[in-house]
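# Tertiary structure, described
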Amino acid sequence: MDFKQLQSFVTVVQEESFTQAAGRLFVSQSTVSTHIHQLESELNTKLILRTTKSLQITPKGRELYEYALNILELKERMIQACSIESRRIIHLGASTIPSAYILPQLLADFGKLHQDIYFIIHQSDSQGIINGLKDGLFNLGFIGMSCEDNDFCCQPFCHDRMVVITPVNEHFLRYKQQKENVLPELLREPLILREKGSGSKKMADNFLAHSGISEDELHIIARVNDQETIKNLVAGGMGISIISEKAAHNFLQEKRLLSFELPQAFSERSLYLIYRKNYLLPSYVKEFLCFISQSKL
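The text that follows walks through the structure, step by step, so that each part is easy to find. Since we're looking at a predicted model, the values are computed, not measured.

## Remarks on the overall build of the chain
- Across its full length, the chain carries twelve helices and eleven strands.
- Principal-axis analysis of the C-alpha atoms places the extent of the chain at approximately 95 × 45 × 35 Å.
- At a minimum sequence separation of 6, the contacts of the chain that also span at least 24 residues come to 72%.
- For the chain, the exposed area adds up to about 16,400 Å²; of that, 50% sits on carbon and sulfur atoms.

## Topic: the environment of I121
- Along the chain, I121 falls in strand β4 (residues 118-123).
- Residue I121 is classed as partly exposed on the basis of its relative accessible area, which comes to 41%.
- Residues I121 and S200 lie 79 residues apart in sequence; the distance between their C-alpha atoms is 20 Å.
- Excluding anything up to four places from it in sequence, I121 contacts L92, A94 and L107.

## Observations concerning the environment of T19
- Within the fold, T19 resides in helix α2 (residues 18-25).
- Separated by 14 residues in the primary sequence, T19 and S33 place their C-alpha atoms 9.7 Å from one another.
- Side chain to side chain, T19 and Q29 meet in a polar contact 3.0 Å long.

## Quick notes on the pattern of salt bridges
- Within the structure shown, the criterion is met by twelve salt bridges.
- Ionic pairing is found between K60 and E63, a salt bridge with its closest N-O pair at 3.8 Å. Linking K60 with E63, this pair stays in helix α4 (residues 59-86), spanning three residues, or about one helical turn.
- Given a relative accessible area of 48%, K60 falls into the partly exposed group.
- Among the ionic contacts, a cluster of salt bridges with common partners joins R88, D116 and E287.

## Re unusual backbone geometry
- The phi angle at E16 is positive, at roughly 55°, despite the residue not being glycine.
- Within the secondary structure, E16 sits in the loop between α1 (3-15) and α2.
- The backbone phi angle of N44 is positive, close to 55°, even though this residue is not glycine.
- Counting through the fold element by element, N44 comes out in the loop between α3 (29-43) and β1 (48-50).

Here is what the cut-offs are and how they apply
Residues numbered from 1 in each chain as written. Predicted model: local features only at pLDDT ≥ 70, side-chain atom pairs only at ≥ 80, totals over all residues. Heavy atoms only, no water. Helix = DSSP H or I, 4+ residues; strand = E, 2+ residues; numbered from the N terminus. Contact = heavy atoms within 4.5 Å. Areas by Shrake-Rupley, 256 points an atom, 1.4 Å probe, with all protein chains shown as cover. Buried < 20%, exposed > 50% of the residue type's maximum accessible area, 1.4 Å probe, protein only. Polar contact = N/O pair within 3.5 Å; in protein donor to acceptor, adjacent residues only side chain to side chain. Salt bridge = Lys/Arg side-chain N within 4 Å of Asp/Glu carboxyl O.

In structure tokens:
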């Protein structure tokens, strides 16, 4: 039994004709007939009842048809997987901060050294990346929080910290001039928070919990997934937020935002590289891992 025999059989069932099946497969009708006969001989059962006027699939033929479809689909998936392997493509899952503010430069530097390796990047929140790795969608993940699942290797690859960002105006500039802790007053302002599932949201929650502040006590006016949108909303005067300093860096340099430090214990954080422990990584993925470990981020 081979793939050509199964393909001929499946095509005959779908076309309900030996002649049309031969045309679709670009082979002779006798070749299709031979393939069907070989299958029937090997399986020792009749698959197709054929007369000069009609063609009927036997019950065993219907059963084989379902198996054959699955086998041929698996064959195509195997070919595609091998083709992707030959093109040396790395599938990355990345949460917002790594995807937008770290990977662009990292991948550009790596690409100068390995011009034959390409990347496909999927962005989600940290939990979404972990779920994607479990489902086999990515080779590697970059996330904003640690994962304690024993199925994964999860290691820090970059350091970041959280800051409170505010608009630049007289009201908040006065806070900047005060030497005492102004965070309690700032947290009475309208607040824009990240979505659940993000590492940034988890850090903000830890800080608020330590400060004895529940979300019910806050004036939350929006929950926004995108860091760029948050920065623009804050710069436009809509409210304040707690976000990654790496994300806020360009707006702070351009003096479009003010930043206020959080207590160190609740601001410092690591960003993590994550992958499956028992998943066989291709050699070129290991090259990328080695490059990350040697990079100064």
